[in-house]
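Overview (structure and organization)
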Amino acid sequence: MTMSFKGKPSRRAFLKGAAAAGGTLASASVANAAGDPLITEVQEWASATGEGVDATPYGLPIEYESDVVRRNVEWLTADTISSINFTPIHALDGTITPQGCAFERHHSGAIELKKEDYRLMINGLVDQPLVFTYEDLERFPRENRVYFCECAANTGMEWAGAQLNGAQFTHGMIHNMEYSGISLRSLLEEAGLGAAGDLKDKWVYVEGADASSNGRSIPMEKALDDVLVAFKANGEALRKEHGYPVRLVVPGWEGNMWIKWLRRIEVTDQAIESREETSKYTDTLEDGTSRKWTWVMDAKSVVTSPSPQSPIKHGKGPLVITGLAWSGRGAITGVDVSVDGGKNWMPARLGAPGTDKALTRFYLDYNWQGEEMFLQARAKDSSGYVQPSKSELREVRGLNSIYHNNCIQTWWVKANGEAENVEVS
């Protein structure tokens, strides 16, 4: 059963309505409050002074939230040096990902590079090759932008069927942060693009300072559009694992192009066709051929709670179904939620209007009476694109792909509130 409201939903009205419909949460909570010693008696934490302001000079999560951490899946890679871990999206709310639990992907491990030792070169088809220090970059006009970064392999294990049991593991190769930095256009114009001639067929090749360098080619059109050279995230310096002191931000495009420890930008007249854009990060189709240059991350969504790592514990009654949606082609304009495996859909409430190439939080206030649910979310974006089912995606891509799986995800919620990853094609 669902509750409908005119205008903004009232939580009190929702609780009253749920109780009248057979839910016991509201009445039980009110009845028990009067005799609950946690509310009627003075507790230990209210009987003495707490820690002073200097106890933790850099604030840390309280110990009761110590389980909200990134996690690795050991069998995915041979070694953690070239591996990935996952954002605990099942335990977060809102849209901004704290740096401390934002996923990592390394090709040769996270390096330590001091600001004082940092250099960024721009060379190739430019009027004047230049080398910038960190302090040089700080003097350019600055921008602040919120974008998601998603690994191309996010949800990649799910192509052939339900595999990993948790939203953190199926969809956690993503984070959403506010980046502060300067536009790549500003640096390219500083070096001058006259020597490049007609820019419509030109590229930039970007490299990192780590051992892998993870070099990638980016079309000039994108480079001059919204790409950032960033040195802050969520207001503070980048973390080591996110490319301190400087990284590239390529909005809406696969995360492997967001080069960390950015050291060189070369203007070229063709794509370099590096290892990471030929043998890797291409999409193998049913007939064995592979398509390349599939940079954009299409519209996608996932219910984060309830989900396998976030089961229903409170029993029957009011339930907040929530999740995340995003698109590399623009803003999320709507999310529908199904509790019956896609037979019927209900519009979810967006936590805030969708913004360009950033995560959007959605909610559906629901009255759960212990029935089995096959929970799904379906995103729509400002380009008119609608997130496909797995069978629709397979019709185009087959089963040989790893990357760019943006299919609708299904959680089987059981009568006891536990959830499991299942496939409903």
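Residues numbered from 1 in each chain as written. Predicted model: local features only at pLDDT ≥ 70, side-chain atom pairs only at ≥ 80, totals over all residues. Heavy atoms only, no water.

1. Things to note about the overall build of the chain
When helices and strands are tallied, the chain shows eight helices and 23 strands. For 425 residues, the compact-globule estimate of 2.2 N^0.38 gives 22 Å, and the C-alpha radius of gyration of the chain, at 24 Å, lies within 12% of that figure. Taken across its 425 residues, the chain has 50% of its residues classed as buried. When contacts within the chain are restricted to residue pairs at least 6 apart in sequence, those whose partners lie at least 24 apart make up 72%. Accessible area for the chain stands at about 19,900 Å²; split by element, carbon and sulfur atoms hold 51% of it. (Helix = DSSP H or I, 4+ residues; strand = E, 2+ residues; numbered from the N terminus. Rg over C-alpha atoms; globule rule 2.2 N^0.38 Å. Buried < 20%, exposed > 50% of the residue type's maximum accessible area, 1.4 Å probe, protein only. Contact = heavy atoms within 4.5 Å. Areas by Shrake-Rupley, 256 points an atom, 1.4 Å probe, with all protein chains shown as cover.)

2. Brief notes about the sheet that holds strand β20 (residues 360–368)
If you walk across this open sheet you meet the four strands as β15-β16-β20-β19, and the pairing is antiparallel. Only two strands of the sheet have a single partner each, and these edge strands are β15 (300–305) and β19 (349–350). (Pairing = 2+ DSSP bridges.)

3. As for the pattern of salt bridges
The tally for this structure, following the rule as stated, stands at 29 salt bridges. Ionic pairing is found between R185 and E189, a salt bridge with its closest N-O pair at 3.1 Å. With R185 and E189 both in helix α6 (residues 184–191), this residue pair falls four residues apart, about one helical turn. Note that R264 and E207 form a salt bridge whose closest N and O atoms lie 3.0 Å from each other. Here E207 lies in strand β7 (residues 203–208) and R264 lies in strand β12 (residues 262–268), a separation of 57 residues in the sequence. Each of E207, R263, R264 and E266 takes part in one network of salt bridges that share partners. (Salt bridge = Lys/Arg side-chain N within 4 Å of Asp/Glu carboxyl O.)

4. With respect to the pairing of strand β8 (residues 216–219)
The two faces of β8 match: R216 and I218 on one face and S217 and P219 on the other face are all buried. Alignment of β7 against β8, held across four bridges, turns out to be antiparallel. Within β8, the position partnered with W203 by the bridge is P219.

5. Some words on the pairing of strand β17 (residues 332–338)
For β17, the buried fraction is high: six of the seven residues fall into the buried class. Where β17 lies against strand β21 (residues 373–381), six bridges are found, and the strand directions are antiparallel. Across the sheet, residue S338 finds its bridge partner in β21, namely Q376. Bridging between β17 and strand β18 (residues 346–347) involves two bridges; their strand directions are antiparallel. Bridge assignment links V337 to a residue of β18, and that residue is M346.

6. Some points on the environment of R263
Its place among the elements puts R263 in strand β12. Here the alpha-carbon distance between R263 and L199, two residues 64 residues apart in the chain, equals 23 Å. Beyond its immediate chain neighbours, meaning those up to four positions away, R263 contacts R119, L120, M121, E207, G208 and A209.

7. Quick word on α6
Among all positions of α6, only L184, L187, L188 and A191 are buried. One side of α6 holds all its buried residues, which, seen down the axis, span an arc of 95 degrees. The positive-phi residue at the C-terminal boundary of α6 is G192, with phi of around 85 degrees. (Arc of directions from axis to C-beta.)

8. Considering the packing of aromatic side chains
The geometry of two aromatic rings is summed up by the distance between their centres and the angle between their planes. A full pass over the atoms with the stated rule returns ten aromatic pairs. Relative to F140, the ring of F132 lies with its centre 5.8 Å away and its plane at 80 degrees, an arrangement referred to as edge-to-face. Using a relative accessible area of 6% as the deciding quantity, one classes F132 as buried. Seen from their ring centres, F374 and W412 are 6.4 Å apart, and the 10 degrees between their planes marks the pair as stacked. Of this pair, F374 sits in strand β21 while W412 sits in strand β22 (residues 410–413); the two residues are 38 residues apart in sequence, bridging distant segments of the chain. According to the relative accessible area criterion, F374 is partly exposed, its value standing at 28%. Taking the relative accessible area as the measure of exposure, W412 reaches 24% and is therefore partly exposed. In textbook terms, an aromatic cluster arises when at least three aromatic residues are bridged by ring pairs, as seen for W203, W253, W293 and W295. Here R378 stacks its cationic end above the ring of W345, 4.2 Å away from the centre of that ring. For K414, the ring lying beneath its charged end belongs to W412, and the centroid distance is 4.8 Å. (Phe/Tyr/Trp six-rings, centres within 6.5 Å; stacked < 30°, edge-to-face > 60°. Lys NZ or Arg CZ within 6 Å of the ring centre and 35° of its normal.)

9. A short note on the confidence of the model for the chain
Residues with a pLDDT of 70 or more make up 92% of the chain, whose mean pLDDT is 92. In this model residues 1–11 is a low-confidence stretch, pLDDT under 50, and it forms 15 contacts with partners more than four residues away in sequence or in other chains. Within the model, pLDDT remains below 50 along residues 17–24, and this stretch shows eleven contacts once partners closer than five positions in the same chain are excluded. (pLDDT = per-residue confidence, 0-100.)

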